[in-house]
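Breakdown of the fold
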Amino acid sequence: MALAAAAGSPPPGLAAALDECMEAMNSFLCNHFDESLERLQPRTKESMYHALVYATILEMQAMMTFEHEDIVQAGQTMKEAQEICQRFRRKSSMTGSLSGLVSKVDSFTEVELHAEVCYAECLLQRAALTFLQDENMVNFLKGGIKVRSSYLIYRELSSFIQSSHCTAGAAHVHLEGGVALGIGAFNLTLSLFPPRILKLLEFAGFSGDKEYGLQQLHEGATTLNLRALLCTMLLLCYYTFLTFILGIGEDDFTEAESLLRPYLLRYPKSAIFLFFAGRIEEIKGNISEAIGRFEAGCSAQQAWKQFHHMCYWELMWCYAYKGMWKMAYFYADLLSKENRWSKAMYVYMKAAFLSMLPPEEPRPFGESEVELFRQVSSFKQKIAGKSPPTEKFAVRKARRYKGSRPVPLPVPALEMMYMWNGFTVLSKQRELLEGTLGTLTRAEKKLQESPASEYQMDDRCLLLLLKGLCMKHLQSPAEAEACFSAVQASEKRLRYDHYLVPNALLELSLLRLAQGRSEEAVPLLRRARNNYKNYSMESRTLFRIHAVLSRLKADQEENGMEGPSSS
C-alpha cells in the first residue's frame, strides 16, 4: 500500500494491532496496569492504535492524579499519538476538505478511515488535557478549536458509515465503535448544557441530542470492539455521577447495573468496576454495601494509588451520610496529603467534618477546625484561568474564620453535601434522613442561642433549606414548602449566601412536580433561572434547572402535550 510505504517500514496489520490492543486493555482491567503499558509501548512509534491506547491510559492516570508532570507527559504522548495517526491519514483529509466523505469514499482505504477516527480521538483527548492544565484563556480557546475539529471528523465519519457507500472491512466493528464513542460523547455532553450556552455552541456547528448520544454509546459499549470499555465508562459516569451532580438524580439504576454486570462477572477484582459498583450502591442508599465495594476496590491493587483516591472521595461522603464525622475526616485527610485535585477543598472538608463534632470531643491529631479553615485560601488554585467553583465556594465560606473572633459555620459538611446533591442519596434511607434532621434541629437551637451576627439570617436560611429537603423526603410536604417559602421571603435580608434563594425556588419546584403540580413548577424554575445572577455555584444550579425543564418537556411531548421551552 502506497500510504504504508510513505510512512517508512510497513505498519503491523490493522487486525493484528487491534488484537494486541484488546489484549492490553484486558490486562488493564485485570489491574495489571504496568503490564498493559509494557505491551503497548514497543509499537507506539509505528501503530496508530498502540499509540492511541498507550496515550489514553496515561491520560486516565493524569486525570486521576492531577499531578502537573503527569498531565504534561500525557499531553505530549497524546500529541505524539496524533502525529502517528496523521501519517496514515489521506492528505485531503476530512478536516482539510469538508465537502463530504461519502462522495469520495472510493479514495479512502480502510487504514485511512481508521486513521481519521483515531486522529479525532486524539484531538478530543488533547482538548480535555488542555482544559485541565492551561491557565490562560488563549490556550483554553485552543482546546475549543481541537474539539471543533474532532467533532467535524466524527460527523463526517458518521455520515459515511450510515451510507450505502460503506463497505465493511475486517476491522469495521472497531471503526463503528470509534465513531459511536465520539458521536455519543459529543451529543450526550452537549445535551447537558443549559440552553444559552448550547445556542452558542450550535451557532458554531455543534448540537446535542441526549437520547441519540446514549443510543450511540450503548451501541459502542455492547459490541466487541476496542472502544467498548471507554463507551461503558462514559455511560457509567453519566448514570452514576453526571445525572446527580449536574442533574436531579433520576432513580434509574437499571441501565448502569446492566452495563456493569458482565464486566464484574468477567473481572470481579477490577478496581475500576468495583469503584462503579460501589457508586451504584451509594446512590441507591445502600451505604454499608457501598463502603464494602470501595474498600474492596482499594484492596484489589496497589500499583495505581490514584484509584484509591477515587474511592477515598466516595468513602468520605459515605461516612458523612452516616454522620460518622471522624471517619469522613480521615478520608479527607488522606486526600489532602496524597491527591492534587483540590487541596483547598480537602482541607475545607477536614475542617467541616471536625466542626460537626461536639466542642468537647477530642479532635484527631490535635487539629483545630478554626486553623484548618484559615488555611483554605492558601491552597487556592486556577484551572483554565479560573478557580473551580467548588473551591471558590469553600474559600468564600472559610473567610468567616479569618478574624480574631470567628463566627462558626452552622453545618458546613451538610451544606457542601447539598452542593454535591448528596441529599438525593440521603432520601433513599429514612434512618439517614432522620439523623440529618436531628443534626439540623440541634444546629437551629444553637443558632438561636448564639449572639446576633451579620451571618445570622444567612445561617438561618441555610438550615431552613436543608431542613426543607429532609421534610420533603420524609413525606411532609407542607413543612417542606414552609421552609422553602421562608427562604424566599428572606431574600432581601440575606447578606452573603445569595445562592440560597434560587436553590430554594428549584427545590420548591421539585416539590410541586412530586405533587403532580407541574403548571406551578415551571414558573418557579424560570424565575430561579432568569432572575438571579453571579451567585455561588451558579452553573451547577443552572444545570439542574435545565435538567428538570428538559425532563418536563420530554414527559409532556411523550404524552402528546406541548412541553415547556427550556430556552
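Fair warning: this is a prediction, and the values are worked out from it, not measured in the lab.

Right, let's get into the overall build of the protein. Scanning the protein for helices and strands turns up 27 helices and 0 strands. Split into buried and exposed, the 567 residues of the protein put 57% on the buried side. Look at the contacts in the protein between residues 6 or more apart in sequence, and 68% of them connect residues 24 or more apart. Accessible surface for the protein amounts to roughly 24,300 Å². Of this, 53% is attributable to carbon and sulfur atoms.

This paragraph deals with the pattern of salt bridges. If you walk through the whole model with that rule in mind, you get 28 salt bridges. For the salt bridge of glutamate 415 with lysine 397, the shortest nitrogen-to-oxygen distance reads 3.0 Å. Remark: lysine 397 occurs in helix α19 (residues 389–398) and glutamate 415 occurs in helix α20 (residues 412–419); sequence separation between them is 18 residues. Among the ionic pairs, aspartate 497 bridges to lysine 397, the shortest N-O distance being 3.0 Å. Here aspartate 497 is found in the loop between α24 (477–489) and α25 (500–514), whereas its partner lysine 397 is found in helix α19, with 100 residues between them in sequence. Neither residue differs from the other here; aspartate 497 and lysine 397 are each classed as buried. Through salt bridges with shared partners, a single ionic network connects Asp333, Lys337, Lys350 and Glu367.

If you check helix α5 (residues 68–88), its first and last C-alpha atoms are 31 Å apart, about what 21 residues at 1.5 Å a residue would give, namely 30 Å. Among all positions of α5, only Ile71, Ala74, Gly75, Thr77, Met78, Ala81, Gln82, Ile84, Cys85 and Phe88 are buried.

The subject of this paragraph is helix α3 (residues 33–40). Every buried residue of α3 is listed here: Phe33, Ser36, Leu37 and Leu40. Down the axis of α3, the sector holding all buried residues measures 95°, keeping them to one side. Against the buried residues of α3 lie α2 (14–29), α4 (48–65) and α15 (305–321).

The next point concerns unusual backbone geometry. The backbone phi angle of phenylalanine 365 is positive, close to 60°, even though this residue is not glycine. Among the secondary structure elements, phenylalanine 365 is positioned in the loop between α17 (343–355) and α18 (369–375). Notably, asparagine 534 is not glycine yet its phi reads approximately 60°, a positive angle.

Interpretation of this model should avoid reading the predicted coordinates in detail wherever pLDDT is low. A residue-level look at the protein finds 87% of positions with pLDDT of 70 or above and a mean pLDDT of 88. Low pLDDT (under 50) marks residues 1–11, which in the prediction has 12 contacts with non-local residues, meaning those over four places away or in another chain.

Ranked by size, the top nonpolar core spans 189 residues in total, and within it Phe28, Met48, Trp317, Tyr348, Met349, Phe353 and Met416 carry the most contacts. In terms of residue count, α4 provides more of this core than any other element does, 12 residues in total. Among all residues touching methionine 349, those that are not within four sequence positions of it are Met316, Trp317, Ala332 and Met416.

By the element assignment, asparagine 187 lies in helix α8 (residues 172–191). Looking at asparagine 187, its side chain comes within polar contact range of the main-chain nitrogen of aspartate 209, at 3.1 Å.

Thresholds, definitions, all that
Residues numbered from 1 in each chain as written. Predicted model: local features only at pLDDT ≥ 70, side-chain atom pairs only at ≥ 80, totals over all residues. Heavy atoms only, no water. Helix = DSSP H or I, 4+ residues; strand = E, 2+ residues; numbered from the N terminus. Buried < 20%, exposed > 50% of the residue type's maximum accessible area, 1.4 Å probe, protein only. Contact = heavy atoms within 4.5 Å. Areas by Shrake-Rupley, 256 points an atom, 1.4 Å probe, with all protein chains shown as cover. Salt bridge = Lys/Arg side-chain N within 4 Å of Asp/Glu carboxyl O. Expected span 1.5 Å × (residues − 1). Arc of directions from axis to C-beta. pLDDT = per-residue confidence, 0-100. Core = buried A, V, L, I, M, F, W, Y, C linked by side-chain atoms within 4.5 Å. Polar contact = N/O pair within 3.5 Å; in protein donor to acceptor, adjacent residues only side chain to side chain.

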